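Below are the chains, spelled out letter by letter.
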Amino acid sequence: MKENELVEILRGCAARKLPELDGLLGILRTTEGAAPYVFHHCEELAGLVLSPRYPLGGIVRVLQARYPKARLGVVVRACDLRGLVELAKRGQVAPDRLYLLAVACTPEEAQHCRCQRPVPNPTGWPQVEVLGSPAAAAEAHPLLVQNERLGLAERWAFWRQEFAKCIKCYGCRNICPECFCQACALEDPLWVERGILAPPFPTFHLVRAMHMASRCVGCRQCELSCPAHIPLTVLYELLRRDVAEMFGYQAGEDLSAQPPLSLSLTEETTPLPNP
Amino acid sequence: MDYRNILTVCPYCGAGCGLYLQMLDGEMVGVLPAKEHPVSQGKLCIKGWNAAAFLRHPDRLPRPLIRQGERFQEASWEEALRLVAEQFRRISSRYGPEALGFLASAKCTNEENYLMQKLARAGFKTNNVDHCARLCHAPTVAGLAAAFGSGAMTNSTPEFSQHTRCFLITGSNTTEGHPLIASHILKAKQQGAKLIVIDPRQVQIGRLADIYLCPQPGTDVAWLNGLMYVIITEGLADQQFIQTRTEGFDQLWEVVQQYPPDRVAQITGIPAAQLQTAARMYAQNKPAAIIYAMGITQHTTGTDNVKCIANLAMLTGNLGIAGAGVNPLRGQNNVQGACDMGALPNVYPAYQPVSAPEVKAKLEAAWQVEGLPEQIGLTVVEMIHAAGQGNLRAMYIMAENPLLSDPDIHDARQCLEQLEFLVVQDIFLSETAQLADVVLPGAAWAEKDGTFTATDRRIQRVRKALPPPGEAKADWEIICLLAQRLGLRGFDFAGPAQIMEEVARLAPSYGGVSYERLDREGFLQWPVPSPDHPGTPYLHKEKFTRGLGRFLPVHFQEAAELPDEEYPFILTTGRSIFQFHTGTMTRRSPKLEQEAPEPYIEIHPEDASRLGLKMPGKVRVISRRGQIELTTRFTEQIRPGVVFIPFHYAEAAANALTQAALDPVAKIPEYKVCAVRVEPIGQS
């Protein structure tokens, strides 16, 4: 299915659903450009589009904090849905008041993003409608394949070179729908010396990478926001594979599965399996 | 639940990045990068992400202030504007219009700058109007206008990632000063483009380069002539371009032949073989773009440096094609626009000379006034000196902070104190505003409509998202109110869109600009002479603005103040990515301030150990003009014998040390070279 056909189907569903909702979060295109917007009226839906993609999960968090009782609709892709699942597990969004219109990405889009999971998987999400036809998983990023073949020293050298370009905009964190901490370790001089460009290697990027383990859902927003073109999704995908291998956990796939690195100090915790 | 995004332009550097202000129920809740913006492409630097952080700072000025002795008293707009009008009228009639000075602002919109120069010229009949472009790219405007006929960046930022095969970057700390322009360069590098960086400091972009050369500060003409020597003698010059598109090659060769690599090495410290490699790389990878900033212009030889750069680009035929060119990166969000609007003492909007009778007649008719002044007015630094000598009696300063940005600020302060009357219009009580008789509270970038023109001649809309605090008003509105109080005609505008209509009628290169088009098309790049003209991504295609490109050969001259026994170091000044200029905005933005809260000096470890310095430790830095104290940072990314201090910090102002030695043509001060001494404090 082509994107324009999909958009028509989406507008139809949105028009049907909108009267039951207090608002629908999606992308509005006007003559000035396209950006996130909360739709209230069916007449506005002529401007509802699917791209460019913006990190809607973070916006849902802000909207629900201000309007905890509102019934909010959100137009999501597979990765947005996974992101909302992880946010829900961490108490950042309330799934029972979120109605999702989940759009499957087209094969071209999946290929463009090198997405391994382009089809929305609503396991456990209370209210969700899936639109579009499933596309196959894309081939892995060539850099991912290359990284897996590299020895430790070469991998280290590769990432050192990539991170030397970093201009410390914090864009990877700012745009990330899963980054919601009030106090961020990246700004703490205990971990990362301040005011240095490029930021100290490897602490800045590896501290962030560790914090993304079991959280990153591969939406690519970080990489697309990086002025230095650092292939961050490759780094986080490697980490996601480790988490899957060590803990059998896939971020964003199942609302009821507990993330392994979110520990509760009041409940008994399961020790790590022996290597 | 009213959630929407307002598209606007970042208020910091001249890259002109697009960003969205996220609004929830009329309140700003965040910034989002604009994914489809041709320059920023969904990315921002740390300042862009924090561009809204200072808007609701408690230091914002909500009401006009009038000086009462040593203190300020809040006043109504009525009282404040009446006082300004009375004093300006009195001083003008008593001492003549030449006793008034006006500083426009590279932070304000095109519409506001247009009105400021109109107020000076039509209202008070003086050309004493200038702004901080004088302190950054005045040599660019002078040098490139002489060589090509137009003083602006020849090419466009997006071309760098689409077309450029080689970059020669000099005097530009691109990843810190213009991060999103650097983004295009890094993209090109990833795609195989070559990168040459020539700079006394091995800044981040220099560490990423294929070739990095480290000249002694103030020797740019020598190594630029050296590059041309190599290119000509090795037969790498573009003969066809030289023959068909340029004039003056023979005169160029007469000069350049005196700069063989061995001699250049003696002057600059760049080894001959490295110079040759760089020359070949630049000449053999086309299109090649030269990118430069303050490291080229802020010298007593600034205009000469720019002429050499123009010569080098013409020599290799790197003009009039996509991805090539001479690309001065302009420092402020709207410094290009403020120049375009005629906020300069020698030109009306679109660089129409004040001395040309036909231009004068055209403007007099349009503005319905008589007797517009033909004599070129005073520049920023000249105005300050004239104030000190009693020739300038009153100044109106809009959103500039010369008491931190001008050279030799102790002297600048004494001069401004001599004024009979000083008005400062700003969003904060800056160092300069603290000296004022009347302070008028302006609206910040997100609190008004207008346009900014980015470094690549890209005219873009800024949009109002929030009301200004208290009774503060947009600068265009304040100027109109004052003009009306002075009884001047031609200042009753309904809004910025209407002001732009007047600009489009009078400024030929903006002839096709309208808000309707900008809203629809996103941006327009001048020259855009008519409503059906698509705009101009790169200049000088097929023909230079002046016809033939003109080679302007220049000989090397030493900097005005060189190190000696008493002051053995060369001080060079510049920016940090985390702060901006005099810090009025960034130092009130917590996430920026926390990264670099303290003034520092960069010094080579060899020098530091010879002087017995510690890191972290405190030093005193002394020049013939003043002294400051700051923290040490040792770095091998600077030449021994050279030290670097960022100029953002009032508590240790680098410009207490710098000198007001001026380029004879462009009148820019030599911020990049002065002699200093470094002494440890509190160490035995």
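Residues numbered from 1 in each chain as written. Chains lettered and ligands numbered in written order. Predicted model: local features only at pLDDT ≥ 70, side-chain atom pairs only at ≥ 80, totals over all residues. Heavy atoms only, no water.

(A) Geometry of the domain arrangement of chain A. Residue and element names in this part refer to chain A. On domain assignment, one finds that chain A holds domain 1 (3-131) and domain 2 (142-247). If you look at the interface, domain 1 gives 18 residues, while domain 2 gives 15 residues. Interface area, domain 1 with domain 2, both sides summed: about 1,400 Å², of which 52% is carbon and sulfur. Considering only the surface of domain 1 that becomes buried against domain 2, Arg-53, Pro-55 and Arg-90 emerge as the three largest contributors, covering 32% of it. For the interface between domain 1 and domain 2, the tally reads 0 salt bridges. Scanning the region where domain 1 abuts domain 2 turns up 3 residue pairs in polar contact (both at pLDDT 80 or more). Of all the elements in the fold, those that place two or more residues in the side of domain 1 that touches domain 2 are helix H2 (56-66), helix H3 (78-89) and helix H4 (107-113). Here the side of domain 1 that touches domain 2 takes 6 residues from H3, the largest share from any one element. Residues belonging to the side of domain 1 that touches domain 2 are distributed by class as follows: 6 nonpolar, 5 polar and 7 charged. (Domains from an automatic or database assignment. Contact = heavy atoms within 4.5 Å. Buried area = accessible area lost by both parts, 1.4 Å probe. Salt bridge = Lys/Arg side-chain N within 4 Å of Asp/Glu carboxyl O. Polar contact = N/O pair within 3.5 Å; in protein donor to acceptor, adjacent residues only side chain to side chain. Helix = DSSP H or I, 4+ residues; strand = E, 2+ residues; numbered from the N terminus. Nonpolar A, V, L, I, M, F, W, Y, C, P; charged D, E, K, R; others polar.)

(B) Inspection of helix H17 (residues 357-367) of chain B at higher detail. Residue and element names in this part refer to chain B. Those residues of H17 that fall on the buried side of the exposure criterion are Val-359, Lys-360, Leu-363, Glu-364 and Trp-367. Projected onto a plane normal to the axis of H17, the buried residues spread over an arc of 130° and lie on a single side. The exposed residues of H17 that point more than 90 degrees off its buried face are Pro-357, Glu-358 and Ala-365. The inward-facing, buried residues of H17 contact helix H3 (110-124), strand E14 (347-348), strand E15 (352-353) and helix H22 (496-506). One or two residues past the end of H17 sits Gln-368, with phi positive at roughly 55°. (Buried < 20%, exposed > 50% of the residue type's maximum accessible area, 1.4 Å probe, protein only. Arc of directions from axis to C-beta.)

(C) Quick look at the interface of chain B and chain A. Each partner contributes to the interface: chain B provides 43 residues, whereas chain A provides 45 residues. Between B:Lys591 and A:Glu187 there is a salt bridge whose closest N-O contact spans 3.1 Å. Among the elements of the structure, strand E1 (3-9), strand E2 (18-24), strand E3 (27-33), helix H1 (46-49), helix H6 (174-177), helix H7 (179-190), helix H8 (204-207) and helix H23 (515-521) of chain B are those that each provide at least two residues to the side of chain B that touches chain A. Ranked by residue count, the leading element in the side of chain B that touches chain A is H7(B), at 6 residues. Here the side of chain B that touches chain A is built from residues that sort into 19 nonpolar, 9 polar and 15 charged.

(D) Spatial organisation of the nonpolar core. Residues and elements named next belong to chain B. One finds Leu-21, Phe-167 and Trp-445 to be the most contacted residues of the largest nonpolar core, which totals 131 residues. Each residue touching Trp-445, except ones within four places of it in the same chain, is listed here: Thr-8, Val-9, Pro-11, Leu-19, Leu-21, Ala-51, Ala-52, Phe-54, Leu-55, Phe-452 and Arg-463. Judged by nonpolar contacts, the second largest core, of 65 residues, contains Tyr-114, Leu-115, Met-116 and Met-500. (Core = buried A, V, L, I, M, F, W, Y, C linked by side-chain atoms within 4.5 Å.)

(E) Spatial organisation of the packing of helix H12 (residues 261-268) of chain B against helix H13 (residues 272-284) of chain B. Residue and element names in this part refer to chain B. It is the contact of H12 with H13, at a shortest axis distance of 8 Å, that shows an interaxial angle of 110°. Our classification of the angle between H12 and H13 gives roughly perpendicular. With respect to the hand of their crossing, H12 and H13 are arranged in right-handed fashion. Of the residues in H13, those touching H12 at Pro-261, Asp-262, Val-264 and Ala-265 are Ala-272, Leu-275 and Gln-276. Classifying every residue of the contact of H12 with H13 by side-chain character gives 5 nonpolar, 1 polar and 1 charged. (Axes fitted to C-alpha atoms, helices over the stretch in contact; angles between N-to-C directions. Parallel < 35°, antiparallel > 145°, perpendicular 65-115°, else oblique. Left-handed = near helix turned anticlockwise from the far one by under 90°.)

(F) Up close: the domain arrangement of chain B. Residues and elements named next belong to chain B. Parsing chain B into structural domains produces domain 1 (3-49), domain 2 (65-135 + 333-498), domain 3 (139-329) and domain 4 (569-681). Just the C-alpha atoms count here: the centres of domain 1 and domain 3 sit 32 Å apart. Contact with domain 1, which involves 12 residues of that partner, is made by 10 residues of domain 3. In total, domain 1 and domain 3 occlude about 710 Å² of area from one another, counting both sides; carbon and sulfur atoms represent 71% of this. Put simply, domain 1 and domain 3 have 0 salt bridges between them. Counting every contact that joins domain 1 to domain 3 gives 1 residue pair in polar contact (both at pLDDT 80 or more). Considered class by class, the residues forming the side of domain 1 that touches domain 3 number 7 nonpolar, 3 polar and 2 charged.

(G) View of the packing of helix H9 (residues 220-233) of chain B against H12(B). All names here are of chain B. Contact geometry of H9 with H12 gives a least axis separation of 9 Å together with a crossing angle of 165°. With respect to H12, the axis of H9 lies roughly antiparallel. The crossing of H9 and H12 is left-handed. Counted together, Ala-222, Trp-223, Gly-226, Tyr-229 and Val-230 of H9 and Pro-261, Val-264, Ile-267 and Thr-268 of H12 form the full contact between these two elements.

(H) Representation of the pairing of strand E4 (residues 65-68) of chain B within the structure. Residues and elements named next belong to chain B. Sheet topology places E4 next to strand E5 (residues 71-74); 4 bridges connect them, and they run antiparallel. Within E5, the position partnered with Gln-68 by the bridge is Arg-71. Between E4 and E5, which follow one another and run antiparallel, lie 2 residues, and Gly-69 among them has a positive phi close to 65°. Looking at chain direction, E4 and strand E18 (residues 438-441) are connected through 2 bridges and run antiparallel. Directly across from Ile-66, in E18, lies its bridge partner Val-438. (Pairing = 2+ DSSP bridges.)

(I) Spotlight on the packing of aromatic side chains. Overall, the coordinates contain 23 aromatic pairs over all chains when judged by the stated rule. Measuring from centroid to centroid gives 5.7 Å for B:Phe102 and B:Phe124, while their planes differ by 35°, and the two rings are tilted. Here B:Phe102 is found in strand E6 (residues 100-103), whereas its partner B:Phe124 is found in helix H3, with 22 residues between them in sequence. We note that B:Phe102, like B:Phe124, is buried. Grouping aromatic residues by their ring pairs yields a cluster made of A:Trp156, A:Phe158, A:Trp159, A:Phe163 and A:Phe201. Lying over the aromatic face of B:Phe644, B:Arg201 brings its terminal NZ or CZ to 3.4 Å of the ring centre. The ring of B:Phe428 has B:Arg588 sitting right over it, with the charged end atom 4.1 Å from the ring centre. (Phe/Tyr/Trp six-rings, centres within 6.5 Å; stacked < 30°, edge-to-face > 60°. Lys NZ or Arg CZ within 6 Å of the ring centre and 35° of its normal.)

(J) A look at the pattern of salt bridges. Using the criterion set out here, one finds 59 salt bridges over all chains in the structure. Put simply, B:Arg56 and B:Glu447 hold a salt bridge, and the shortest N to O gap is 3.0 Å. Residue B:Arg56 is located in the loop between H1 and E4, and its partner B:Glu447 is located in the loop between E18 and strand E19 (450-453); the two are separated by 391 residues in the primary sequence. Among the residues examined, B:Arg56 registers a relative accessible area of 46% and is labelled partly exposed. When its relative accessible area of 2% is taken as the criterion, B:Glu447 is described as buried. What emerges from the salt-bridge pattern is a single network uniting A:Glu32, B:Asp449, B:Arg461, B:Arg463 and B:Asp519.

(K) Expanded view of the layout of surface pockets. Roughly 1,400 Å³ of volume is contained in the largest pocket. Around the largest pocket sit 49 residues that line it, and A:Arg61, A:Arg173, A:Asn174, A:Cys179 and B:Val29 are the ones nearest its centre. Sorting elements by how many residues they give to the lining of the largest pocket places E3(B) first, with 6 residues. Residues belonging to the lining of the largest pocket are distributed by class as follows: 30 nonpolar, 9 polar and 10 charged. Looking at the second largest pocket, it is lined by 38 residues, and the ones nearest its centre are A:Glu193, A:Gly195, A:Ile196, A:Leu197 and B:Arg633. Sorting the residues of the lining of the second largest pocket by element identifies helix H6 (152-163) of chain A together with H8, strand E24 (600-603) and strand E26 (627-634) of chain B as the ones contributing at least two each. Tallying contributions element by element places E26(B) first for the lining of the second largest pocket, with 4 residues. Looking at side-chain class alone, the lining of the second largest pocket contains 18 nonpolar, 9 polar and 11 charged residues. (1 Å grid on protein atoms, 1.4 Å probe; cavity = no way out; pocket = protein on both sides within 12 Å on 5 of 7 lines; lining within 4 Å. Points joined across faces, edges and corners; volume = space filled by probe spheres on them.)

(L) Quick look at empty space enclosed by the protein. Residues and elements named next belong to chain A. Here the structure, examined in full by the defined rule, presents 9 cavities of 30 Å³ or more. Each pocket or cavity is described by its volume, and for the second largest cavity that value is around 120 Å³. For the lining of the second largest cavity, the secondary structure elements donating two or more residues are helix H8 (203-212), helix H9 (221-224) and helix H10 (232-247). A per-element tally of the lining of the second largest cavity places H10 first, with 3 residues. Its residues placed into classes, the lining of the second largest cavity shows 9 nonpolar, 3 polar and 4 charged.

(M) Just the environment of B:His555, in detail. Residue and element names in this part refer to chain B. If you trace the backbone, His-555 turns up in the loop between strand E22 (549-550) and strand E23 (569-574). By relative accessible area, His-555 is classed as partly exposed at 35%. For His-555 and Thr-297, which are 258 residues apart along the polypeptide, the C-alpha to C-alpha distance reads 16 Å. Residue contacts for His-555: discarding those within four places in its chain leaves Val-221, Val-255, Gln-258, Tyr-259 and Asp-304.

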